[in-house]
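Coordinates in review
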Amino acid sequence: MKLVVAIFQPIQLPAVKRALKEAGFANLSFTNILGTVPNMHERQLFRGVEHEVTMFPKIRVEIAVNDESVEQLIDAMIKGGRASGGAGLIFVTELHDCVIVKTGEHGPALI
Amino acid sequence: MKSIVPIGIGCLLLFAPEVFAQDTESSFNGLSTLWILLAAFLVFFMQAGFGMVEAGLIRAKNAANILMKNLMDFCFASLGFFMFGYALMYGSEGSLFGTGGWFLLGVESPVEGLPLHAFWLFQAVFVGAAATIVAGGVAERMKFAAYLAYSFIISALIYPIVGHWVWGGGWLSNIGFYDFAGSTVVHGVGGIAALVGTWMIGPRIGKFNPDGSANVIGGHNIPLVALGVFILWFGWFGFNAGSTLGFDNPGQIALIAINTNLAAVSGAIVVMTLAWVKFGKPDVALTLNGVLAGLVGVTAPCAVISPMAAIAIGAIAGFVVVYSVLLLDRLRLDDPVGAIGVHGFCGVWGTLAVGLFAQETLGAPADGLFFGGGWAPLGIQALGVIACLGFVAITMAGVFKVIDLVIGLRVTEEAELRGLDMREHGIESYSGFQIFINE
């Protein structure tokens, strides 16, 4: 099992969700994060004092899948990301186990 | 020792009339002056109301920007109205515009017993209200510098000319057109300018889909919207009841106040019910707009109608505002705060309502249709609406076009996505909070 984590710009979420849904991955969760963007920085001005801003809003989409579906999922994410500006970074991490609380089932009871 | 300063200031204020005594002409009517100044202060406070409503109905990343626009449009409106606008509006009795009184020099108060400065201040806060309506329609994507230019021009030129036609001795007042406190002059003008601006600047990124359907771009702070609506409601008592320009008829002032209140509540109840029936839930933001719809609707007729009529007018304004919001979505016009519906459409309704519900016995120039006056008064009201709003639409289209060519109306796509607070002002409204997206 793998946990696929993708970082996108907030504006890309609708397109990414659409692409995922079309590929059959209806379930996802996302969090709002702040992260650096290469070569991007802003000047914040507060009552005459400057501050350099280097952390910008992003979203972090997480989906757990079986090994067989990983390529499909990554393709869907790439499709969604490219349809909405092209930014994005995808990490694939190893997922050792997954447990459903209600039934107590272990293992690949996911997509 | 610390109390010396407040006591000292208190003494100064107590003896201020003696300290700052000026040469007065024949007696000013103290009570009228007090009333008009108080009303002016109430209407001034409506700027805060507009600010909170607009800020609450847009996204957090643009809150400081819209509040800055709200603050500065009042400043530029005051300046523009002081330098040029008052002269155009009240300087003299030409049929199209006034002359004389530039920079408020060489002109006398048009109202007996009321100091010129009190009259000017009362009029100036109305200009500020009209100017700030547009900020809501073009919110989240208009360049700040462009907005400043717009606010000065509308306050110095466009609004005063309309105001002159209706209140300053111009041609509309001469044919019996009646707009007591400004459903057309303030709200109609602001609403139609917002319509033109919204149309020209285009919808926000992500508002409409290619197939024409609209997406929700939710306001970030409903409590602020509610606060803003209550502030506006409170200030509206000055807006309407102060337009008597004197305190000689307390009965009329009280009638205006009760009508103002009843129209507001009926607008709210109708919108809440309509939304509940039509959409399934009592929609908070829409109901808050309903309060404002009722208030705008009663602004023109409030002095010359019965309280029952006020309820009816507010109720119909509620229908108007709900359907106008739906209509604007259909027309792909993105109005984030409902300014066009509340001020534009309901302003028109309020002006026409004079032609239906006005009573001569209460001081109207003619009875409305429902009181035996026939169709003529309604026709005159309609003519006035078309003339004023047509004038504003054409001139504002020109003004916005010129501003677009010289400064540019809309921010870049990148700035719009990042947020105008950071891009236009370099400030985070909510520093220390992480601004979420929820979709």
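Residues numbered from 1 in each chain as written. Chains lettered and ligands numbered in written order. Predicted model: local features only at pLDDT ≥ 70, side-chain atom pairs only at ≥ 80, totals over all residues.

**Concerning the overall build of chain A**
Under the convention used in this document: Helix numbering and strand numbering both begin at the N terminus, where a helix is a DSSP run of H or I of at least 4 residues and a strand a DSSP run of E of at least 2. Radius of gyration here uses only the C-alpha atoms, and the compact-globule reference equals 2.2 Å multiplied by the residue count raised to the power 0.38. In this scheme every C-beta is placed from the backbone, and a residue whose C-beta has 20 or more other C-beta atoms within 10 Å is buried, one with 12 or fewer is exposed, and one in between is partly exposed. Any pair of residues counts as being in contact when their C-beta atoms, constructed from backbone geometry, are within 7 Å of one another.
The secondary structure content of chain A amounts to two helices and six strands. Taken from N to C terminus, the helices and strands of chain A fall in the order β-α-β-β-β-β-α-β. Relative to its length of 111 residues, chain A is extended, with a C-alpha radius of gyration of 17 Å against a globular reference of 13 Å. Considering only C-alpha atoms, chain A reaches an extent of 60 × 30 × 20 Å along its principal axes. Looking at the 111 residues of chain A, the share that counts as buried comes to 16%. Considering only residue pairs separated by 6 or more positions, chain A has 74% of its internal contacts joining residues 24 or more positions apart.

**Re the overall build of chain B**
In terms of regular secondary structure, chain B is built from 16 helices and zero strands. The C-alpha radius of gyration computed for chain B amounts to 22 Å, which stays within 12% of the reference 22 Å derived for 439 residues, consistent with globular compactness. Taken over the C-alpha atoms alone, chain B extends approximately 70 × 65 × 45 Å along its principal axes. Nonlocal contacts in chain B, meaning residues at least 24 apart in sequence, comprise 76% of its contacts between residues at least 6 apart.

**Remarks on the sheet that holds strand E2 (residues 29-36) of chain A**
Residue and element names in this part refer to chain A. To keep it simple, the criterion reads: Pairs of strands are assigned from DSSP output, requiring at least two bridges between the strands. Only the stretch in contact is used when fitting a helix axis, every axis being a line fitted to C-alpha atoms; angles between N-to-C directions are given from 0 to 180 degrees.
Spatially, E2-E5-E1-E6 is the arrangement adopted by the four strands of the open sheet, whose pairing is antiparallel. The outermost strands of the open sheet, each flanked by one partner alone, are E2 and strand E6 (89-94). Each adjacent strand pair in this sheet contributes to an overall mean axis angle of 25 degrees, direction not counted. The pairing of E2 with strand E5 (residues 55-65) spans eight bridges and is antiparallel.

**Quick notes on the interface of chain A and chain B**
We apply this condition: The classification used treats Ala, Val, Leu, Ile, Met, Phe, Trp, Tyr, Cys and Pro as nonpolar, Asp, Glu, Lys and Arg as charged, and all other residues, Gly among them, as polar.
The interface is formed by 13 residues belonging to chain A together with ten residues belonging to chain B. For the side of chain A that touches chain B, the elements supplying multiple residues, two or more each, are helix H1 (13-22), E2, strand E3 (42-46) and E5 of chain A. A per-element tally of the side of chain A that touches chain B places E3 of chain A first, with five residues. Of the residues assigned to the side of chain A that touches chain B, the class counts are nine nonpolar, two polar and two charged.

**So, helix H9 (residues 222-241) of chain B**
Put simply, the rule is: Here the expected length of a helix is defined as 1.5 Å per residue gap, with one fewer gap than residues. A residue's bend is simply the angle between two axes: one fitted to the seven residues ending at it, one to the seven starting at it.
The end-to-end C-alpha distance of H9 of chain B, which contains 20 residues, comes to 29 Å, matching closely the 28 Å that a straight helix rising 1.5 Å per residue would cover. Taking the largest bend as the criterion, H9 of chain B deviates by roughly 30 degrees, centred on Gly235 of chain B.

**Overview of the pairing of strand E4 (residues 49-53) of chain A**
Residue and element names in this part refer to chain A. Burial of E4 is sparse: only zero of the five residues sit out of reach of the surface. The sheet contact formed by E3 and E4 spans five bridges and is antiparallel. Of the residues in E4, the one forming a bridge with Glu42 is Val53.

**Section: the packing of helix H5 (residues 116-137) of chain B against helix H13 (residues 339-357) of chain B**
Residue and element names in this part refer to chain B. This is how it is decided: The labels follow the angle: roughly parallel below 35 degrees, roughly antiparallel above 145, roughly perpendicular from 65 to 115, and oblique for the rest.
Two elements in contact, H5 and H13, have axes whose closest approach is 9 Å; the angle formed by their N-to-C orientations is 140 degrees. On the basis of their axis angle, the class for H5 and H13 is oblique. Within the contact between the two elements, H5 uses Ile133, Gly136 and Gly137 and H13 uses Ala339, Ile340 and His343. Residues that form the contact of H5 with H13 fall into these classes: three nonpolar, three polar and no charged.

**Considering unusual backbone geometry**
Residue and element names in this part refer to chain B. A positive phi is found at Leu104, a non-glycine position, where the angle reads about 60 degrees. Along the chain, the position of Leu104 falls in the loop between helix H4 (63-90) and H5. Notably, Glu140 is not glycine yet its phi reads approximately 75 degrees, a positive angle. Counting through the fold element by element, Glu140 comes out in the loop between H5 and helix H6 (144-167).

**A short note on the environment of Asn65 of chain B**
Residue and element names in this part refer to chain B. Secondary-structure assignment places Asn65 in helix H4. The exposure class of Asn65 is buried, given the 27 C-beta atoms found within 10 Å. As a C-alpha pair, Asn65 and Val107 span 42 residues in sequence and 37 Å in three-dimensional space. If we ignore the near neighbours within four places in the chain, the residues touching Asn65 are Phe144, Leu420, Asp421, Glu424 and His425.

**Describing the confidence of the model for chain B**
In low-pLDDT segments, the atomic positions of the prediction should not be examined closely. All names here are of chain B. Threshold: pLDDT: the predictor's confidence for each residue, scored from 0 to 100.
Chain-level pLDDT for chain B is 93 on average; 94% of the residues reach the 70-or-more range. In the model, residues 16-23 has pLDDT below 50 throughout and makes one contact with residues more than four positions away in sequence or in other chains. Per the prediction output, this complex has pTM 0.90; the corresponding ipTM is 0.83.

**Things to note about the nonpolar core**
Rule in force here: For the purposes of this analysis, a nonpolar core is taken to be any set of buried Ala, Val, Leu, Ile, Met, Phe, Trp, Tyr and Cys residues that are connected through C-beta atoms within 7 Å.
In terms of nonpolar packing, the biggest core is built from 149 residues, with Val43, Val162, Val189, Val271 and Ile313 of chain B touching the most fellow members. The contacts of Val43 of chain B, once residues within four sequence positions are left out, are Val125, Phe126, Ala129, Gly235, Gly238, Phe239 and Gly242 of chain B. Grouped together as the second largest cluster of nonpolar side chains are 13 residues, Leu20, Val61, Val65 and Leu73 of chain A included.

**Here's the deal with helix H12 (residues 307-330) of chain B**
In a regular helix each residue adds 1.5 Å, so 24 residues correspond to 34 Å; H12 of chain B covers 35 Å between its end C-alpha atoms and thus fits that length. Trailing H12 of chain B by a residue or two, Arg332 of chain B shows a phi angle of about 60 degrees, which is positive.

**Examining the environment of Asp329 of chain B**
Relative to the assigned elements, Asp329 of chain B resides in helix H12. On a C-alpha basis, the gap between Asp329 of chain B and Ile311 of chain B in space is 28 Å, while along the polypeptide they are 18 residues apart.

**Observations concerning the environment of Ser306 of chain B**
Residue and element names in this part refer to chain B. Locating Ser306 in the fold gives a position in the loop between helix H11 (284-299) and H12. We classify Ser306 as partly exposed; it has 16 C-beta atoms within 10 Å. A C-alpha to C-alpha distance of 8.4 Å links Ser306 and Ala358, two positions 52 residues apart in sequence.

**Quick word on the packing of H6 of chain B against helix H14 (residues 376-406) of chain B**
Any two packed helices are characterised by the angle at which their axes cross and by the distance between the axes. All names here are of chain B. Filter applied, for reference: Crossing handedness is defined as follows: a turn of the near helix away from the far one that is anticlockwise and smaller than a right angle gives a left-handed crossing, while the clockwise case is right-handed.
Interhelical geometry of H6 versus H14 gives an angle of 155 degrees and a closest axis separation of 11 Å. Taken as axis vectors, H6 and H14 run roughly antiparallel relative to one another. In this structure, H6 crosses over H14, and the sense of that crossing is right-handed. Counted together, Ala146, Ala149, Tyr150, Ile153, Ile158, Val162 and Trp165 of H6 and Cys388, Phe391, Val392, Thr395, Met396, Val399 and Ile403 of H14 form the full contact between these two elements.

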